[in-house]
Amino acid sequence: MRTFDIVIIGSGIAGGFLARQLRLACPDLGVLVLEAAEAMEDYKVGESTVEVAANYMVRRLNLGTYLYQHQLPKNGLRFFFDSPGKDLPLPRMSEIGSDHMPFHPSFQLERARLERDLVTMNRAAGAEVELGAKVVDVAIDGRGRHTVVYERGGERREVACRWVCDASGRRHVLFRKLGVKVHKEARLNTAAAWGRYRGVAGLDAVTDAAWRSRARYTSRHLSTNHFMYDGYWIWFIPLAGDLMSVGVVFDKDRIGAGNAPAGALPGPRTRAEFERFLGAHRAARELLEGAELEDFQSYAHLPYHADRYFSTDRYAVTGEAGAFTDPFYSPGSDFIATANEFITQMILSDVRGDRAGFEERVAAYDAYYRFKYDSTLRLYERMYPVFGSFELYRLKYLLDFNNYYNLVVWPFMADRVTDVGWIREELRFTDLVLRALSTMGEHFASLASDLRARGEYFAQNEGRFANGLNGVAQLETRLGPAIDERFRREQVDRAYGSVFAALVERRLGERGLSDRARLVSELPLPQVLVFRDITPERLARLLQRIAERMTKELRQEFPDAGIERIELGASGVISVTGPAEGTRAHADALSRARALWDASAGSLAHIAL
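Residues numbered from 1 in each chain as written. Predicted model: local features only at pLDDT ≥ 70, side-chain atom pairs only at ≥ 80, totals over all residues. Heavy atoms only, no water.

1. Digging into empty space enclosed by the protein
Next up, step 1: Summed over the entire model, instances satisfying the criterion amount to four cavities of 30 Å³ or more.
Next up, step 2: The computed volume of the largest cavity comes to approximately 80 Å³.
Next up, step 3: Around the largest cavity, the lining residues are Arg378, Leu379, Met383, Lys396, Leu399, Asp400, Asn403, Leu437, Met440, Gly441, Phe444 and Tyr496.
Next up, step 4: Contributing elements (two or more residues each) for the lining of the largest cavity: helix 10 (355–380), helix 11 (390–413) and helix 13 (430–454).
Next up, step 5: Taken together, the residues of the lining of the largest cavity sort by class into seven nonpolar, two polar and three charged. (1 Å grid on protein atoms, 1.4 Å probe; cavity = no way out; pocket = protein on both sides within 12 Å on 5 of 7 lines; lining within 4 Å. Points joined across faces, edges and corners; volume = space filled by probe spheres on them. Helix = DSSP H or I, 4+ residues; strand = E, 2+ residues; numbered from the N terminus. Nonpolar A, V, L, I, M, F, W, Y, C, P; charged D, E, K, R; others polar.)

2. Quick look at the pairing of strand 4 (residues 77–81)
Looking down a regular strand, the side chains alternate between one sheet face and the other.
Next up, step 1: Within strand 4, five of the five residues are buried, which leaves the element mostly enclosed by the surrounding structure.
Next up, step 2: Burial of the side chains of strand 4 extends over both faces: Leu77, Phe79 and Phe81 are buried on one face and Arg78 and Phe80 on the other.
Next up, step 3: Where strand 4 and strand 13 (residues 224–229) come together, five bridges link them in parallel fashion. Among the inter-strand pairings, arginine 78 is bridged to a residue of strand 13, identified as asparagine 225.
Next up, step 4: Here three bridges tie strand 4 to strand 5 (residues 94–97), and the two strands are oriented antiparallel to one another. Within strand 5, the position partnered with phenylalanine 80 by the bridge is glutamate 95. (Buried < 20%, exposed > 50% of the residue type's maximum accessible area, 1.4 Å probe, protein only. Pairing = 2+ DSSP bridges.)

3. Looking at the pairing of strand 2 (residues 31–35)
Next up, step 1: Of all five residues in strand 2, five are buried, a share of seventy percent or more.
Next up, step 2: In strand 2, alternate side chains face the same way, and those of Val31, Val33 and Glu35 on one face and Leu32 and Leu34 on the other are all buried.
Next up, step 3: With four bridges connecting them, strand 1 (residues 2–9) and strand 2 associate as parallel partners. Bridge pairing links valine 7 to leucine 32 in strand 2.
Next up, step 4: The handedness of the strand 1 to strand 2 crossover, carried by helix 1 (residues 13–25), is right-handed.
Next up, step 5: Inspection of the sheet shows strand 2 paired to strand 7 (residues 128–131) by four bridges, in the parallel sense. Within strand 7, the residue paired with leucine 34 across the bridge is glutamate 130. (Right-handed = clockwise from strand over helix to strand, strands pointing away.)

4. What about the pattern of salt bridges?
Next up, step 1: According to the stated counting rule, one finds 50 salt bridges in the structure shown.
Next up, step 2: Residue aspartate 295 pairs with arginine 196 through a salt bridge whose shortest N-O separation is 2.8 Å. With aspartate 295 in strand 16 (residues 292–299) and arginine 196 in strand 12 (residues 190–198), the pair connects residues that are 99 residues apart, well separated along the chain. Exposure class is identical for aspartate 295 and arginine 196. Each is buried. (Salt bridge = Lys/Arg side-chain N within 4 Å of Asp/Glu carboxyl O.)

5. Observations regarding the packing of aromatic side chains
Next up, step 1: One pass over the structure, following the stated rule, counts 41 aromatic pairs.
Next up, step 2: Here the aromatic rings of tyrosine 384 and phenylalanine 387 are separated by 4.8 Å at their centres, their planes lie at 50°, and the arrangement is tilted.
Next up, step 3: Ring geometry for tyrosine 457 versus phenylalanine 458: centroids 4.9 Å apart, planes at 75°, classification edge-to-face.
Next up, step 4: Its relative accessible area of 2% is what places tyrosine 457 among the buried residues.
Next up, step 5: If you follow lysine 372 out to its NZ or CZ, it ends over the ring of phenylalanine 335, 5.0 Å from the centre.
Next up, step 6: In this structure, arginine 478 packs its charged tip against the face of phenylalanine 487, placed 3.9 Å from the ring centre. (Phe/Tyr/Trp six-rings, centres within 6.5 Å; stacked < 30°, edge-to-face > 60°. Lys NZ or Arg CZ within 6 Å of the ring centre and 35° of its normal.)

Structure below.
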C-alpha cells in the first residue's frame, strides 16, 4: 500500500490551491490529489474573486504572473439599478462602481482552465495528481494512519495517509463517509441559475459618451457586474476568451411567493425559464442580443454548513465541501483561502510534533471558521428585499465594503488570521459582531418596507452614480503587514455611525442630520446596538444628550453669559436659554452653538456621494 502525508479529495481550485500551498510550504510532504473527473473540463460557477483570495493567490501561491497572463484582472464590484418596469436602458441606470482600477488586485477566473493548469503545476511541484480517481471509502484512524480507497480505470486502489483533506465540493465525500451532517441553511432561502454566453458585446460596447465618461472610460466589462432588483440580482462576469458568465440568484421566499412584489417573475429553474427571465429585463436583453447560450446549470438551494470543519483526528474540509453562504460578494474563494491557510498551519504543526500547539490551532481555527460562516451569512439575511433600491443599497455597500477591507482583508494581509492569539481576541467579540450585523439588517429591512409603502423605493434608481472606492480610500495606504488596532476600531465606529445616521435621517425625514459631527460621534458601534428602534422619541433622547454636552462646553467657553441650556429641535432648530435675546451674549452663544452643530462629520455616507 502506498503511503502519503496528505491525501486531498478533489482537484478543483480548493484542492488544487491546497496542494500547491503545501508543496510550497514544505516540499518534503508527500501529497496525493484524487480527482473523480477524467479531465478538468467542467464549467463551474464562482469565477469572481475578491481581495482576500487575490492576495492569497498572488502572495501565498505565487500565481501573480500566471493570473495576469492567462486570466482577467477585475475592475471591482459594480451595481446597476432599474425602474419598477425593468425597462431602463443601461446608461440611465443608477450605478455604484469605481472610476479606476481598485488599488488592490482581484481577478475573474475561467475555472476549468485554471484547474487544468493547477494539475500541471502541482505535478511539476512534486505532488501526485490522479484524474479519474473516484474516492469510494475513507477510514479515519485518529491514532494511526487513515485509509483512502478509490477506483480508477476499473481498478480498486488503496492508500494510507496521515491527513485527509476534502475539497470535493457539494459531493461532501468525507462528511458522507463519516456520517457528519451538512445542514441546509434555513435563514437564507436562495437559489441560482446560470450559464455561459458566447458573443456578448459587453458593457464597454455601449457608446453613450456621458455614461462612459462618468467612469473615466475605465472598463466596466472587467467588473463583476450586478443588476439589482427587489428579491434577486443578475450577474455579468467576463471570462478569458469570448465568454461571459451570466446568472440569477433569487430569494425563493420573495420571488414567485405570496409576498412577491407586483409583477415579479418566478425564479428560473430550467434553461428555458432562465432565458425568458433574462429577456424580461431590458438591459440584460440588450446586452445579450445576438449572443449564444453555451451551457446551463442551476442550484435549487445555495447556503449550507456543518458543525465542524477541522479535527484533531487529522482531517479537514475546504471550499464547498464544508460550507457555502451566497455568491453576492463573491466570498467563496475567500473561504477557500482562509481554510487552506488554516489547514496548512495545522499540518505543519502536526508534522513538527507540536501536539499542544496543533490541538490549540484546531480548536481556534474551527471556531473562527464557524464564526466566519455565520457573520458572512448575516450580510445577506433579510437583504434581498433591499437590493433593488439604489438609495438603500448604496448605504449597505458603504458599510459592508468598509468592514470587509478593515476587518477581513487587513488581518489576512498581515498574517494575523492564522495567529491563534489574535483569533482568540477576535472571538471575544463574536456576539458583538453578529448582533451588529443583525441589527443593521433589521434597520435596512424596515426602511425598505417604509420606502416601498411611501412609493419611494425606486426614487433614486435613475441617473445617479456613486464611486464605491471612496468609502475605503482612507485604508489604501494602511493595508499591509502592520495592523493599527486603534485605527481599525475608529474605522468601525466611523462606518457604523455614518451609515446609521443616514438611516435615521431617512427613516424619520429629518434632513441634515447625517453629516453632523456631533450626531455621528454619538453613534459608535456600541451605541448603534442599543438604538434598536428608530423612532422620534429615541432621536429626541439622543439630541438631548448632545445638547447637554454642548451646554457644558459653551458654559466653559462663555463663563459670564449665564447659559442655562442648549436645546436641539426638529429640522436643526437650535435655541439658547439663559442670556436675554437680543444681547451680545445670546448672539455669541447661539452662533457658537450653531457652528458646533453644523460641523461636518466627514461622513462616509456623504463622501461617497
